[in-house]
Amino acid sequence: MNPSKDSLSLHDAAQRLADGLDAQHDIEVALAHAIEHGELHANVKRWATEQWEGRQLPGNINRLETYIAQSELDAWQQRRQPA
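Residues numbered from 1 in each chain as written. Predicted model: local features only at pLDDT ≥ 70, side-chain atom pairs only at ≥ 80, totals over all residues. Heavy atoms only, no water.

J.: Which parts of the structure should I look at to understand unusual backbone geometry?
T.: In this structure, N60 takes a positive phi of about 55° despite not being glycine. As for its position among the elements, N60 is in the loop between α2 (21-36) and β2 (67-69). Classification of N60 by relative accessible area gives buried; the value is 18%. (Helix = DSSP H or I, 4+ residues; strand = E, 2+ residues; numbered from the N terminus. Buried < 20%, exposed > 50% of the residue type's maximum accessible area, 1.4 Å probe, protein only.)

J.: I would appreciate a short explanation of α2 in the present structure.
T.: Residues spaced three or four apart along an α-helix point in a common direction, a consequence of the helix completing one turn every 3.6 residues. For α2, which comprises 16 residues, the first-to-last C-alpha distance of 23 Å matches the rise-based estimate of 22 Å (1.5 Å per residue) to within 8%. Within α2 the residues assigned to the buried category are Q24, H25, I27, E28, L31, A32, A34 and I35. Residues of α2 that are buried make contact with α1 (10-17), β2 and α3 (70-80). Phi for G38, located one or two positions after α2, is positive at around 70°. (Expected span 1.5 Å × (residues − 1). Contact = heavy atoms within 4.5 Å.)

J.: What is the right way to read the nonpolar core from this model?
T.: When a protein is soluble and globular, its nonpolar side chains tend to lie buried together. Counting residues in hydrophobic clusters, the biggest one holds 16 residues, and the most contacted among them are L10, L31, I35, L40, I68 and L73. Breaking this core down by element, the ones donating at least two residues are α1, α2 and α3. It is α2 that provides the largest number of residues to this core, a total of five residues. Beyond its immediate stretch of four places on either side in the chain, L40 contacts L31, A34, I35, I68, E72, L73 and W76. (Core = buried A, V, L, I, M, F, W, Y, C linked by side-chain atoms within 4.5 Å.)

J.: Looking at this model, I keep getting lost on the pattern of salt bridges. Mind explaining?
T.: Any two side chains of opposite charge can pair, so long as their charged atoms come close to each other. Summed over the entire model, instances satisfying the criterion amount to three salt bridges. E28 is the partner of R63 in a salt bridge, and the nearest nitrogen-oxygen pair spans 3.3 Å. On the criterion of sequence distance, the pair formed by R63 in the loop between α2 and β2 and E28 in helix α2 is long-range, its members being 35 residues apart. Here K45 ties to E65 by a salt bridge, and the two come within 3.0 Å at their closest N and O atoms. Residue K45 is found in the loop between α2 and β2, and its partner E65 is found in the loop between α2 and β2; the two are separated by 20 residues along the sequence. Since its relative accessible area comes to 31%, E65 is described here as partly exposed. (Salt bridge = Lys/Arg side-chain N within 4 Å of Asp/Glu carboxyl O.)

Next up, the structure:
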């Protein structure tokens, strides 16, 4: 998959939003959950069970090869902010 210049991998997006390793995985899970529920658009690549690397995410989403446009990430973050 060839991401656009304004896209981040799910992993990179989580790194930007997190303030520690545990928080990073929690953000990765939240991003994967949002993707799975149609709340966040992304170019998704999934792992086959036997290929899994690291901690598992919902939907077997590959955190290194799933890409999110920065504008989509920004919009998702704004929707999560309390009113």
